[in-house]
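# Structural description and commentary
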Amino acid sequence: MTPMLRKIVFSVAGLLLLIVSGMSFYESRNLKEPVVVSDGVTKVVRLSTYFSPLQGTANDCNIYILEGKEPGATLCILGGTHPEEPAGRLATWLFAENAVMSKGRLIVVLSANRSGSTVTRVGGAYPPDFTIPTSWGGQTFRLGDRWSNPLDQWPDPEVYIHYPSFQELAYVDIRNLNRCWPGRPNGTLTEKTTYAFMEMIRKEKVDIVIDLHEAELQYPVISTIVAHEKGQELAVIASMMLTDMEGFKMGMEFSPKNLHGLSHREIGDHSDAISLLFEAPEPFLDATRGRTTREQLLTGQDDFVVKAGKHGLLFEKIDEKGWPIDVRVGRHTSAVLQVMSSWTEAYPDKPLVCDNVPRYAEVIARGTGAFLRAPAEARQDRLFHE
Ligand SMILES: [Zn+2]
């Protein structure tokens, strides 16, 4: 082969690779995720309603508001702070598509860092999406990443100085929604996003904010509620009730006072709301996992992570049954519902009563997909996209 021919062959191969991967990136960034809202959803607004500079950005997400038939407290659930932790997002889907509040108000966010849901881990060989099976054929979701998409916020600084604590954090965490609370109006896209949520929390007089996450088994903060000191009692009671009544272990720990940028710390410090964060186990995130596949994401089964457990390297149990997605989603729905009932017992004059959302045992028995509604059968005014 002449040098010229070789150059042409390599150029064409490179161009083909560019086109094929470019199409895949474009598709995953623009994949529309349907939400067929429950009859309990009384209003859908955009995050920019509370802070207009977000308008037209990737992070101007939908806010689903469920006004109860009777008044009470206001609870906000944040899904998709870290989109690559899908049980958190899926749990918010189950609330948006099924919940009916008989007392109090619920605000549901499915894509707290929408930008982060439009990209996957660079160099991580992540699948671009995953599908939850349903009786009507399945619903596909963007997998997403832990950080905002560099296409929306770039470049990263050498050092990230958190505002307003001036604590020095890892540079990449300037795109991590859960290191950018409480945000600032003239900051980066991620800081503007948390600032907009703070405005929403203050204007809507939110009493409790719950941020839904998943964690690798090699991380000590797992299967737990992390609570701001204002939510200490509520978290203790909820974790006891869940462990006693529903048979899954749920711990409780305090939000460290000197660790800044996290929702469980800053929302509680900068608003009247109690802030809580829930963690469920996700073997997909473990560094010692085997192949990073859609199947592994959903079954939570991984021989390598099991092996790490045999060497005492994990903070949560795992066996060959793994941590299936339905178990993780069910932990989240039950934990949110339990916080509502524990709160209502403590403050009967400001109740939170939510009907029609499946708890842990029911999600496992019937599968997450049983509670997703078919967009093809939805009335147009009840169909939204994330
Ligand atoms: Zn997380």
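Right above here is the structure, for reference.
Residues numbered from 1 in each chain as written. Predicted model: local features only at pLDDT ≥ 70, side-chain atom pairs only at ≥ 80, totals over all residues. Heavy atoms only, no water.

## Description of the coordination of the zinc ion
Listed as protein donors to the zinc ion are H82 (ND1), E85 (OE), E85 (OE) and H213 (ND1); their distances from the metal cover 2.1 to 2.4 Å. Here the zinc ion is ringed by four donor atoms whose angles at the metal span 57 to 149°, and the overall shape comes out irregular. Mapped onto the sequence, the donors of the zinc ion take the spacing H-x2-E-x127-H. The two residues H82 and E85 agree in class, both being buried. (Donors = N, O, S within 2.8 Å, 3.2 Å for Na, K, Ca; no water. Tetrahedral: all angles 85-135°; square planar, octahedral: opposite > 155°, others 65-115°. Buried < 20%, exposed > 50% of the residue type's maximum accessible area, 1.4 Å probe, protein only.)

## Examining the state of the cysteines
As enumerated under the stated definition, the model contains zero disulfides in all. Left without a disulfide partner, C180 is nearest to the cysteine sulfur of C61, which lies 15 Å away. Cysteine C354 shares no disulfide, and the gap to the nearest cysteine sulfur, in C76, comes to 14 Å. (Disulfide = S-S within 2.5 Å.)

## Quick word on the pattern of salt bridges
Summed over all chains, the structure comprises 23 salt bridges. Between R121 and E84 there is a salt bridge, with the nearest N and O atoms lying 2.8 Å from each other. Taken as a pair, R121 in the loop between β5 (100–109) and β6 (129–132) and E84 in the loop between β4 (70–78) and α2 (86–98) lie far apart in primary sequence, 37 residues in all. For R121, a relative accessible area of 26% translates into the label partly exposed. Look at E84 and you get buried, because its relative accessible area is 2%. For D145, the salt bridge goes to R121, with nearest N and O atoms at 2.9 Å. Taken as a pair, D145 in the loop between β7 (139–142) and β8 (160–161) and R121 in the loop between β5 and β6 lie far apart in primary sequence, 24 residues in all. Its relative accessible area of 5% is what places D145 among the buried residues. (Salt bridge = Lys/Arg side-chain N within 4 Å of Asp/Glu carboxyl O. Helix = DSSP H or I, 4+ residues; strand = E, 2+ residues; numbered from the N terminus.)

All we've got here are geometric facts, nothing functional implied.
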